[in-house]
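Geometric and topological summary
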Amino acid sequence: MHAHPEQARKALIGGLILTAAFVVIEAVAGFLTNSLALVSDAGHMLADSAGLILALGAATLARRPATSRHTYGYARFEVLVVPIHVVLLAFIAGYIVFESVSHLRSTPEIATGPVIAVGIGGLMVNLLVVRLLHNHSADNLNLRAAALEASVDAVGSVAVVISAVVIALGGWAGLDALVGLAIAALVIPRALSLLRQSGDILLESAPPGLDPVAIESAALAVKGVVALHDVHVWAIAPSFPALSAHVELADVTCTEHILTDLATLFRDRFGIGHVTLQPETPALHAAMECCLSPDSALLGRGDHAHRPVSVG
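Our subject in this report is the structure included herewith. Everything numeric in this text was worked out from a predicted model, so none of it was measured.

Since the α-helix packs 3.6 residues into each turn, any two residues three or four apart lie on the same face. A rise of 1.5 Å per residue sets the reference length of helix H9 (residues 255–270), with its 16 residues, at 22 Å; its end C-alpha atoms lie 22 Å apart and thus fit the reference within 8%. On its buried side, H9 packs onto helix H8 (212–220), strand E1 (225–237), strand E2 (240–249) and strand E3 (274–280). Positive phi shows up at Gly271, right after H9, with a value of about 70 degrees.

Here is the structure:
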């Protein structure tokens, strides 16, 4: 099932409203009950709210048409705002760690009854957000990431409830602080992953799951293709892969059929819809001295024999 852009946008708005509303409830309850685990979970959900806001902003801007200046449109906006999300995540994780260490040194009395009630409420909200976003996440990486984050929050809510129950039954009160540290540990890897993904896109690396060598091999199996070179595979945004390449043809009179077959191959097998192909004959390739171009020189492939592939 393909997610309609407007339906996906409505799902993001619904998830944001639910998450942001419960952040306030959970944070207030956490401070009133002295539960660091509850405050930590609220911080985690606050980070999720920020991610939903960024995803919603990206989805809204992505609807704007391309212009003569912004020829790819505004799809990369979601990548450019990732550092803001990462800074927020790092700040929240740092605060949670600081407070957890303080609570381990001096464990305050925790009102476990309200903590359990709010924790169960948080679990229900997170499960509802997961259900809301899941139906639209198959073809939208923003929604898929938001659904994953809500799933992680659901795990955090379960940990909050379990720790409160254990403390209510006479267990060590410091367990609440340990749960807070565990939730912080869930935040940090996500921040690093977001930063790595955005860095890969800005460096125009080959997207995960798209192997340029495999793409070239598949293209060489298309009838009429002699060679593929100056192949570039990158992403404008997480859900916007692109490819460009020079294609040497056995018969220039079959150009239309060969390029159509290649475009269909790249779209259907590799999910690349934005494809730019430059058809050439071996003689034209030699005459144009493509292998001696600055592009090839930068890649250290000035002497290629029609087989190299660049991944940037």
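Moving on, we come to helix H5 (residues 112–134). With 23 residues, H5 ought to run about 33 Å at 1.5 Å a step, and its terminal C-alpha atoms sit 32 Å apart, in line with that. Listing the buried residues of H5 in full gives Thr112, Val115, Val118, Gly119, Gly122, Val125, Asn126, Val129, Val130 and Leu133.

Our focus in this paragraph is the pattern of salt bridges. Inspection of the entire model under this criterion finds two salt bridges. Arg196 is paired through a salt bridge with Asp200; the nearest N and O atoms lie 3.8 Å apart. Here Arg196 and its partner Asp200 are both found in helix H7 (residues 175–202), four residues apart, which amounts to about one turn of the helix. In this structure Arg196 comes out as partly exposed when scored by relative accessible area, which is 47%. Accessibility expressed as a relative area gives 31% for Asp200, which makes it partly exposed.

This brings us to the pairing of E1. Counting buried positions over the 13 residues of E1 gives twelve, a clear majority of the element. Examined bridge by bridge, E1 and E2 share nine bridges and lie antiparallel to one another. Of the residues in E2, the one forming a bridge with Val225 is Leu249. The turn linking E1 back onto E2 is made up of two residues.

Core analysis: the biggest nonpolar cluster contains 26 residues, and Leu38, Val115, Leu133 and Val160 have the highest contact counts within it. At the level of secondary structure, the elements contributing two or more residues to this core comprise helix H1 (5–33), helix H2 (36–62), H5, helix H6 (141–168) and H7. Those residues within four positions of Val115 in sequence are excluded, and the remaining contacts are Thr33, Ser35, Leu38, Ile110, Val160 and Ala164. Counting 21 residues, the second-largest nonpolar core is a separate cluster that includes Val222, Ala245, Ile258 and Leu262.

Turning to the packing of aromatic side chains, a few remarks are in order. On inspection of all chains with the given rule, the structure shows one aromatic pair. On the basis of an interplanar angle of 85 degrees and a centroid distance of 6.0 Å, the ring pair of Tyr72 and Phe240 is categorised as edge-to-face. Here Phe240 lies in strand E2 and Tyr72 lies in the loop between H2 and helix H3 (77–80), a separation of 168 residues in the sequence. Residue Tyr72 is classed as partly exposed on the basis of its relative accessible area, which comes to 36%. Stacked on the ring of Tyr74, the Lys or Arg Arg64 has its end atom at 4.4 Å from the ring centre.

Structurally, Thr33 is set in helix H1. Among the polar contacts made by the side chain of Thr33, one reaches the main-chain carbonyl oxygen of Ala29 at a distance of 2.7 Å. Those residues in contact with Thr33, other than ones at most four positions away along the chain, are Leu38, Glu109, Ile110, Ala111, Pro114 and Val115.

Here is what the cut-offs are and how they apply
- Residues numbered from 1 in each chain as written.
- Predicted model: local features only at pLDDT ≥ 70, side-chain atom pairs only at ≥ 80, totals over all residues.
- Heavy atoms only, no water.
- Helix = DSSP H or I, 4+ residues; strand = E, 2+ residues; numbered from the N terminus.
- Expected span 1.5 Å × (residues − 1).
- Contact = heavy atoms within 4.5 Å.
- Buried < 20%, exposed > 50% of the residue type's maximum accessible area, 1.4 Å probe, protein only.
- Salt bridge = Lys/Arg side-chain N within 4 Å of Asp/Glu carboxyl O.
- Pairing = 2+ DSSP bridges.
- Core = buried A, V, L, I, M, F, W, Y, C linked by side-chain atoms within 4.5 Å.
- Phe/Tyr/Trp six-rings, centres within 6.5 Å; stacked < 30°, edge-to-face > 60°.
- Lys NZ or Arg CZ within 6 Å of the ring centre and 35° of its normal.
- Polar contact = N/O pair within 3.5 Å; in protein donor to acceptor, adjacent residues only side chain to side chain.

Read these as spatial facts, not as claims about activity.
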